[in-house]
Number of protein chains: 2
Amino acid sequence: MEIYPNLINGVLNEDKDVINELMHLTYSVDIATALKGLKNEEILKFYNLVEEKSMADILAKADVVMQARILSVLDYSQIIGLFYYMSNDDVVDILENISIGMRKKLLNLMKKEDTSLIEELLGYDSDSAGGIMTTEYIALSEELTVAEALNKIKDIGPKTELIETIFIVDKQKKLIGTVDLRNILLASSNQQLKSIMRKLLVYVYAGTDQEEVARLVSKYDLKGIPVVNQNEILLGIITVDDIIDVMVEEHMEDILRLGGVSEEENISTTLRTSVKKRLPWLLINLITVFLTAFTIGLFEDIIDQVVVLAVVMPIVLGMAGNAGTQTLSVVIRNISLGEVNLRQNWRLVFKEIFLGGVNGAITGIITSVILYILYGNLYISLIVFISLVGSLVIAGLFGFLIPLVLKLMKADPALASSIFLTTATDVLGALVFLGLARLFLPLLI
Amino acid sequence: MEIYPNLINGVLNEDKDVINELMHLTYSVDIATALKGLKNEEILKFYNLVEEKSMADILAKADVVMQARILSVLDYSQIIGLFYYMSNDDVVDILENISIGMRKKLLNLMKKEDTSLIEELLGYDSDSAGGIMTTEYIALSEELTVAEALNKIKDIGPKTELIETIFIVDKQKKLIGTVDLRNILLASSNQQLKSIMRKLLVYVYAGTDQEEVARLVSKYDLKGIPVVNQNEILLGIITVDDIIDVMVEEHMEDILRLGGVSEEENISTTLRTSVKKRLPWLLINLITVFLTAFTIGLFEDIIDQVVVLAVVMPIVLGMAGNAGTQTLSVVIRNISLGEVNLRQNWRLVFKEIFLGGVNGAITGIITSVILYILYGNLYISLIVFISLVGSLVIAGLFGFLIPLVLKLMKADPALASSIFLTTATDVLGALVFLGLARLFLPLLI
């Protein structure tokens, strides 16, 4: 069904039936998107027409921009009314994105028993396991019988995001195992949970980076992963749908960082913000290109005597840049899959160097033949051939080493690799090419 | 615990107890990784020590290379014995990766009732919803009571990957709704499923691309998504853990394609294969760099007279390339999030053009001041300033248009965009810069 026409129609006529029917037939996330087309006063009207529970769900599913708009039309008591229906991790996500003043006011107005947990969650880094976990999960004692467990599950289940896996804790709330709901359904009702418990556990600490959490959930095909503190006391769980959000976010980050955009930017970002986000990177790049220009400037006299060098040089630098980027992509991808690190895999650098040599030789032969046909100077062709082999070897070496060294230094390889790589291939490529030209100068003129 | 020492110890001593304990204390995926360190005859020994069901799970979780090794040490009847314990989609994944001859032989040796479904699954494109779906799910009639449903779930549940969502079908197996297991647990036992069924449905067709499936599961926070045919008959489901695999795969593809590696390559790929995978892209790039060289060659006489142009030009081309890549990354990311397309968002091109102008002007001023200090020629500075503004505008224009036009033409924007972009920024950047130099020539000498 068309969401927007029904939505605007229901709001303008203040028709609760139309809105209610719409809420039954569509997902909250689609309503949140459709709300973007409404004016602020219409959003307030919509809030007054819809059930609080549904509005809370829409708020939770809305994107950051829309969340801010919804919050801006509501007063504090209305917002807290919505928080009541939301899970703690969703409330925390919202509180993280608003001003400190507003956050403090909202926390002051909330009930004490709710805020202690939320303040604890707010204390975790938003990119860590603690920052994305939910505290609504089912944790039962191993002493419970299956019948008792089922009653607890019926009781708590509707408020939790995961019922397929039940977490088992001891008296100190220390995590000791899991039980699959399938086994609870199949077991006889007086059996104790400990008899069907699986002791094999994959868990993360509250401080674990979300990318590592995603890697574990993906590797072990988990529906949810428990989060514990240093004493293995269960703090919360992370469900697989939150992991998907993490993966989308990390994917976005990787692509943008490789392209030289260090912060998240989407198509609706304002011009002013886009300038702020992209300009710093361009300014760093400016240093790089000046370095290249400076290197070439050292050979100005050579170029002055053999101007064709200036025409041919982009071939060498362009090929080296491309070959380096290929190596870089493969290495960065394997780093984020956790499959490569410098200490264990340093020998692979020889493969990349050799690969650069082979690809350099093949493209070098083609290039020199074409150049010989064009210019008829064997030495130009020879210089280009040697330069292509040399600069593709350099590209392989740096394309391999740069991301791994950055990783070793705990920097994000996706962010800074490409700039170091371009600098290396441009500067060293120009040095090799123009250096050879100086060597062969009498033969070129 | 250390997996490999126990594994090799158990295998060499043919000690079933050691192996059994190992199987209880570790995940199959970790065993599959540890098996890589064994010789082929040791893998066969391991197979003889371990339960068939466990071996089947290890085979399903192993990577493609390891799967091939395990299959190579087993005979056909042993392989079919393992298939019996595996889900259909895992069997299909394996059959897709082996030789056609071996696949035919295995299918011939399997029971007729098993093969019809598997052959149907093999018919789907491996990147489509049909290719990744599983046929092990719970589909019940809306007429069933809650008590009857619970019995069915206990019966079928252990064999299915998803029990939190139960799919409801009519007599023709047409999908009509879903029921949450939480609601089944809470409802009274003689209630009919239709009274607690949710009619709201997100589903995909068997031919839907897996990237679109992942987008829907992510957007709607689903635990699983049903796959139907054109008549909305339920064919299978895709669970969220398979979606995570899809996302890892698509992420890998995007990163590699942006870097100019068109096929999956990992760190252990042989040199020969790496050359085969990367060389074609480098050859295409060779055409691009020759195009740039040709463009510069058109201005050989100008460079001959003002050699400093050859020194300064890399600044202009380098900055344009970087700015274009920034735009490209943002646009490609927004394309794969489904948030931008050319028909609806073409007006945004003006934002990118303007952004290029602003960033070009700022970096242009800095660059011209530095160059004026170095060379003391106002006109060189002026040419560089105009060229930077012009080429960053060109970079914004092409960085925006290229991926969207490719998308419109149903090509993969991540694969081919960067090569077209580099060509555009290099060739047009050189044209603007050297064209201006020709215009101002008398003032430069």
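Keep in mind that this is a model prediction, so the values were computed, not measured. (Residues numbered from 1 in each chain as written. Chains lettered and ligands numbered in written order. Predicted model: local features only at pLDDT ≥ 70, side-chain atom pairs only at ≥ 80, totals over all residues. Heavy atoms only, no water.)

## Some points on helix 1 (residues 3–12) of chain B
All names here are of chain B.
- Of the residues making up helix 1, those classed as buried are Ile3, Leu7, Ile8, Gly10 and Val11. Buried residues in helix 1, looked at end-on, bunch into an arc of 160°, giving them a common side.
- Buried-residue contacts for helix 1 involve helix 2 (16–25), helix 3 (28–35) and helix 4 (40–49). (Buried < 20%, exposed > 50% of the residue type's maximum accessible area, 1.4 Å probe, protein only. Helix = DSSP H or I, 4+ residues; strand = E, 2+ residues; numbered from the N terminus. Arc of directions from axis to C-beta. Contact = heavy atoms within 4.5 Å.)

## Structural notes on a nonpolar patch on the surface
- Taken together, Leu283(A), Ile362(B), Ile366(B), Ile370(B), Leu374(B) and Tyr375(B) make up a surface patch of nonpolar side chains, about 460 Å² in accessible area.
- Ranked by the residues each element gives to the nonpolar patch, the list is headed by helix 21 (residues 348–375) of chain B, at five residues.
- With respect to the element layout, Leu283(A) can be found in helix 17 (residues 271–297).
- On the basis of relative accessible area, Leu283(A) is assigned to the partly exposed category, the value being 32%. (Patch = residues over 30% accessible without salt bridge, like charges linked within 9 Å, V, L, I, M, F, W, Y side chains within 5 Å. Areas by Shrake-Rupley, 256 points an atom, 1.4 Å probe, with all protein chains shown as cover. Salt bridge = Lys/Arg side-chain N within 4 Å of Asp/Glu carboxyl O.)

## Points about the confidence of the model for chain A
Residue and element names in this part refer to chain A.
- Of all residues in chain A, 98% attain a pLDDT of 70 or more, and the chain-wide mean is 89.
- Across chain A, the element-wise mean pLDDT spans from 79 in helix 20 (residues 342–345) up to 96 in strand 4 (residues 204–205).
- Note on the complex model: pTM 0.79, ipTM 0.78. (pLDDT = per-residue confidence, 0-100.)

## Considerations on the environment of Glu161(A)
Residues and elements named next belong to chain A.
- Here glutamate 161 shows up in the loop between helix 12 (146–156) and strand 2 (165–169).
- Glutamate 161 gets classed as partly exposed once you look at its relative accessible area, which sits at 21%.
- Linking glutamate 161 and isoleucine 238, residues 77 residues apart in sequence, is a C-alpha distance of 9.2 Å.
- Looking at glutamate 161, its side chain comes within polar contact range of the side chain of threonine 239, at 3.1 Å. (Polar contact = N/O pair within 3.5 Å; in protein donor to acceptor, adjacent residues only side chain to side chain.)

## Observations concerning the interface of chain B and chain A
- Contacts between the two partners involve 108 residues from chain B and, on the opposite side, 108 residues from chain A.
- In total, about 9900 Å² of surface goes out of reach between chain B and chain A, with carbon and sulfur atoms giving 71% of it.
- For the pair chain B and chain A, the interface holds six salt bridges.
- Across the pair Asp30(B) and Lys219(A) runs a salt bridge, and its minimum N-O distance is 2.9 Å.
- For the interface between chain B and chain A, the tally reads 22 residue pairs in polar contact (both at pLDDT 80 or more).
- Here the element with the most residues in the side of chain B that touches chain A is helix 19 (residues 308–336) of chain B; it accounts for 17 residues.
- Residue classes in the side of chain B that touches chain A are distributed as 61 nonpolar, 25 polar and 22 charged. (Buried area = accessible area lost by both parts, 1.4 Å probe. Nonpolar A, V, L, I, M, F, W, Y, C, P; charged D, E, K, R; others polar.)

## Some words on the sheet that holds strand 6 (residues 234–239) of chain B
Residue and element names in this part refer to chain B.
- A sheet is described by the order of its strands in space; here three strands give the open sequence 4-5-6, paired in mixed fashion. Two strands close off the open sheet at either side, each with one partner strand: strand 4 (204–205) and strand 6.
- Where strand 4 lies against strand 5 (residues 224–228), two bridges are found, and the strand directions are parallel. Each residue of the ladder has a partner; that of valine 204, found in strand 5, is valine 227.
- Against the sheet, helix 15 (residues 210–220) contacts strand 4, strand 5 and strand 6, and its axis sits at roughly 135° relative to strand 5. (Pairing = 2+ DSSP bridges. Axes fitted to C-alpha atoms, helices over the stretch in contact; angles between N-to-C directions.)

## Quick look at the side chain of Asn345(B)
- Within the secondary structure, Asn345(B) sits in helix 20 (residues 342–345).
- Setting aside chain neighbours within four positions, we find Asn345(B) in contact with Glu339(B), Val340(B) and Phe400(B).

## Comments concerning the relation of the copies chain B and chain A
- Its rotation angle being 180°, the transformation that places chain B on chain A also includes 0.1 Å of axial translation and leaves an RMSD of 0.1 Å. Expressed as an axis order, the relation between the two copies is that of a two-fold axis.
- An overlap of 100% is found between the interface residues of chain B and their copies at the interface of chain A, pointing to a shared contact surface. (Least-squares fit on C-alpha atoms with pLDDT ≥ 70 in both.)

## A short note on the packing of aromatic side chains
- This structure, assessed with the given rule, holds nine aromatic pairs over all chains.
- Each ring, one from Tyr84(A) and one from Tyr85(A), has its centre 5.3 Å from the other, and the planes form 85°; the classification is edge-to-face.
- Tyr84(A) sits in the exposed class, given a relative accessible area of 59%.
- For the ring pair Tyr203(B) and Tyr205(B), a centre distance of 5.9 Å and an interplane angle of 85° mean the geometry is edge-to-face. (Phe/Tyr/Trp six-rings, centres within 6.5 Å; stacked < 30°, edge-to-face > 60°.)

## Points about the pattern of salt bridges
Residue and element names in this part refer to chain A.
- Overall, the coordinates contain 26 salt bridges over all chains when judged by the stated rule.
- Notably, a salt bridge pairs lysine 61 with aspartate 57, separated by 3.8 Å at the nearest N-O pair. Taken together, the positions of lysine 61 and aspartate 57, both in helix 5 (residues 52–61) and four residues apart, correspond to about one turn of that helix.
- What makes aspartate 57 partly exposed here is its relative accessible area of 33%.
- For arginine 215, the salt bridge goes to glutamate 212, with nearest N and O atoms at 3.2 Å. Within this pair, arginine 215 and its partner glutamate 212 are both found in helix 15 (residues 210–219), separated by three residues, close to a single helical turn.

## Considerations on the domain arrangement of chain A
- Each assigned domain of chain A is listed here: domain 1 (3–123), domain 2 (139–255) and domain 3 (271–444).
- Centre-to-centre, using C-alpha coordinates, domain 2 of chain A lies 49 Å away from domain 3 of chain A. (Domains from an automatic or database assignment.)

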